[in-house]
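The chain contents come next:
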Amino acid sequence: MEPILRIPLGDWVEVGLDWLTTTLAAVFDLIRAILVGAYDGIEWLFAAPPYWVVIVVFAAIAWWASGWKLGVGTAFGFAVIVGVNQWENAMNSLALVLIATVVAVAISIPLGIWAASSNRASAIIKPILDFMQTMPAMVYLIPALVMFRVGVVPGIVATIIFSMAPGVRFTELGIRGVDQEVVEAGHAFGSSPARILRQIQLPLARPTIMAGVNQVIMLSLSMVVIAGMVGAGGLGGDVVASLSRIDAGLGFEAGIAVVILAIFLDRVTASFGKNPAGTRGKNT
């Protein structure tokens, strides 16, 4: 049944994308070159050394962050990834997640600070974040694919858009949750707003902000498989291939590698939020 009034929303979106790809083609090419260069550099950093060297480094980071149990568990987990022949794919996916996380955090934390300092900004940003979180993740791949062509870049861009909302929300929540008496004391001693933010609000809000960073990482990992549909490769590429071939074994091997990466990143980032400087690595 045809509607009485057909809203040509899809046509408007297509016209807008055509205009963007025509007008800002040079900008998209520059962004693509930067992201590809960053991805290739990080992927080389992980893939060039022998796998056991990288495992030792990751285990040392986990040990320092949260104690020997996580360090040993990290070594065992990454050894399993090697054992199922998913090491290269895992490092590709880890590079994608790290780039997307860094960019998402670099955007979301300033936005969260802005939202915390202005009720009007918060009222504008919150509906946008609601839209970003409720829109199906695969929809982000379509404009990213149009603007950046097939490859790892559309996966990175879609991951950034999909994952940055918790970073904004948790940053605003953490700063707004700082005791106002402490902030007022800073004002009473003549501190500037920038100094109060840097030396009072951000340190006190750090556990909440790091919880947001943790959620950004988890959402980025959840996009790994979807990004594989547009040629991002890595573990997502193997999952997509296993679906097309109905290969349960390959799918499970890639899936367990994603789980191991998720546990490692989750535990390490969570420990940075909970443990103050100088106490990491003392947990038993």
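Note that the structure is predicted; figures quoted are calculated from it, not measured. (Residues numbered from 1 in each chain as written. Predicted model: local features only at pLDDT ≥ 70, side-chain atom pairs only at ≥ 80, totals over all residues. Heavy atoms only, no water.)

(A) Molecular detail of the overall build of the chain. Of regular secondary structure, the chain possesses 14 helices and zero strands. Going residue by residue from the N terminus, the α and β elements of the chain occur as α-α-α-α-α-α-α-α-α-α-α-α-α-α. When the backbone C-alpha atoms are referred to their principal axes, the chain occupies close to 65 × 60 × 40 Å. Per-residue burial for the chain yields a buried fraction of 42% across its 284 residues. Counted over contacts in the chain with a minimum sequence separation of 6, partners at least 24 positions apart contribute 76%. Within the structure as shown, the chain displays about 15,200 Å² of accessible surface, and the carbon and sulfur contribution to it stands at 70%. (Helix = DSSP H or I, 4+ residues; strand = E, 2+ residues; numbered from the N terminus. Buried < 20%, exposed > 50% of the residue type's maximum accessible area, 1.4 Å probe, protein only. Contact = heavy atoms within 4.5 Å. Areas by Shrake-Rupley, 256 points an atom, 1.4 Å probe, with all protein chains shown as cover.)

(B) Fine view of the pattern of salt bridges. For the structure shown, the criterion picks out three salt bridges. Measuring nitrogen to oxygen at the nearest pair gives 2.4 Å for the salt bridge that ties Arg 169 to Asp 130. Of the two residues, Arg 169 sits in helix α9 (residues 165-176) while Asp 130 sits in helix α6 (residues 119-134), which places them 39 residues apart along the sequence. In this structure Arg 169 comes out as partly exposed when scored by relative accessible area, which is 26%. Between Glu 172 and Arg 176 there is a salt bridge, with the nearest N and O atoms lying 2.9 Å from each other. Of this pair, Glu 172 and Arg 176 both sit in helix α9, separated by four residues, roughly a single helical turn. Note on Arg 176: relative accessible area 36%, which makes it partly exposed. (Salt bridge = Lys/Arg side-chain N within 4 Å of Asp/Glu carboxyl O.)

(C) The arrangement of the packing of aromatic side chains in detail. Inspection of the entire model under this criterion finds seven aromatic pairs. On the basis of an interplanar angle of 45 degrees and a centroid distance of 5.0 Å, the ring pair of Phe 58 and Phe 78 is categorised as tilted. Of this pair, Phe 58 sits in helix α3 (residues 51-66) while Phe 78 sits in helix α4 (residues 68-83), placing them 20 residues apart in sequence. Note on accessibility: Phe 58 and Phe 78 belong to one class, buried. Pairwise contacts between aromatic rings join Phe 46, Tyr 51, Phe 58, Phe 78, Trp 87 and Phe 264 into one cluster. (Phe/Tyr/Trp six-rings, centres within 6.5 Å; stacked < 30°, edge-to-face > 60°.)

(D) Fine view of helix α7 (residues 137-148). Here α7 contains twelve residues, and its C-alpha end-to-end distance of 17 Å stays within 8% of the 16 Å for a straight helix at 1.5 Å per residue. When α7 is considered as a whole, its buried residues turn out to be Ala 137, Tyr 140, Leu 141, Ala 144, Met 147 and Phe 148. All buried residues of α7 project into a common sector of 135 degrees when viewed along the axis, lining one side. On its buried face, α7 is in contact with α1 (9-23), α2 (25-47), α6, α8 (152-163) and α12 (224-227). Note on α7: the residue one or two positions beyond its end, Arg 149, has a positive phi of about 65 degrees. (Expected span 1.5 Å × (residues − 1). Arc of directions from axis to C-beta.)

(E) View of the environment of Phe 162. Mapped onto the elements of the fold, Phe 162 is located in helix α8. For Phe 162, a relative accessible area of 14% gives the class buried. Through-space distance from the C-alpha of Phe 162 to that of Ala 79 is 30 Å; in sequence the pair is 83 residues apart. Contact partners of Phe 162, with chain neighbours within four places excluded, come to Met 132, Ala 137, Tyr 140, Leu 219, Ser 222 and Met 223.

(F) Spatial organisation of the packing of helix α5 (residues 87-117) against α9. Remark: α5 packs on α9, axes separated minimally by 7 Å, with the N-to-C direction vectors making an angle of 45 degrees. Relative to α9, α5 is oriented oblique. Of the two elements, α5 crosses α9, and the hand of that crossing is right-handed. The segment α5 lies against α9, with Ser 108, Ile 109, Leu 111, Gly 112, Ile 113, Ala 115 and Ala 116 engaging Gly 167, Val 168, Thr 171, Glu 172, Ile 175 and Arg 176. Broken down by class, the residue content of the contact of α5 with α9 amounts to seven nonpolar, four polar and two charged. (Axes fitted to C-alpha atoms, helices over the stretch in contact; angles between N-to-C directions. Parallel < 35°, antiparallel > 145°, perpendicular 65-115°, else oblique. Left-handed = near helix turned anticlockwise from the far one by under 90°. Nonpolar A, V, L, I, M, F, W, Y, C, P; charged D, E, K, R; others polar.)

(G) Spatial organisation of the nonpolar core. Residues Phe 58, Phe 78, Met 91, Ile 156 and Leu 235 are the most contacted members of the largest nonpolar core, which totals 65 residues. With twelve residues, the top contributor of residues to this core is α5. Residue contacts for Phe 78: discarding those within four places in its chain leaves Ile 55, Phe 58, Trp 87, Met 91, Ile 260, Leu 261 and Phe 264. Among the nonpolar cores identified, the runner-up in size contains nine residues, and Ile 113, Ile 175, Ile 200 and Ile 209 belong to it. (Core = buried A, V, L, I, M, F, W, Y, C linked by side-chain atoms within 4.5 Å.)

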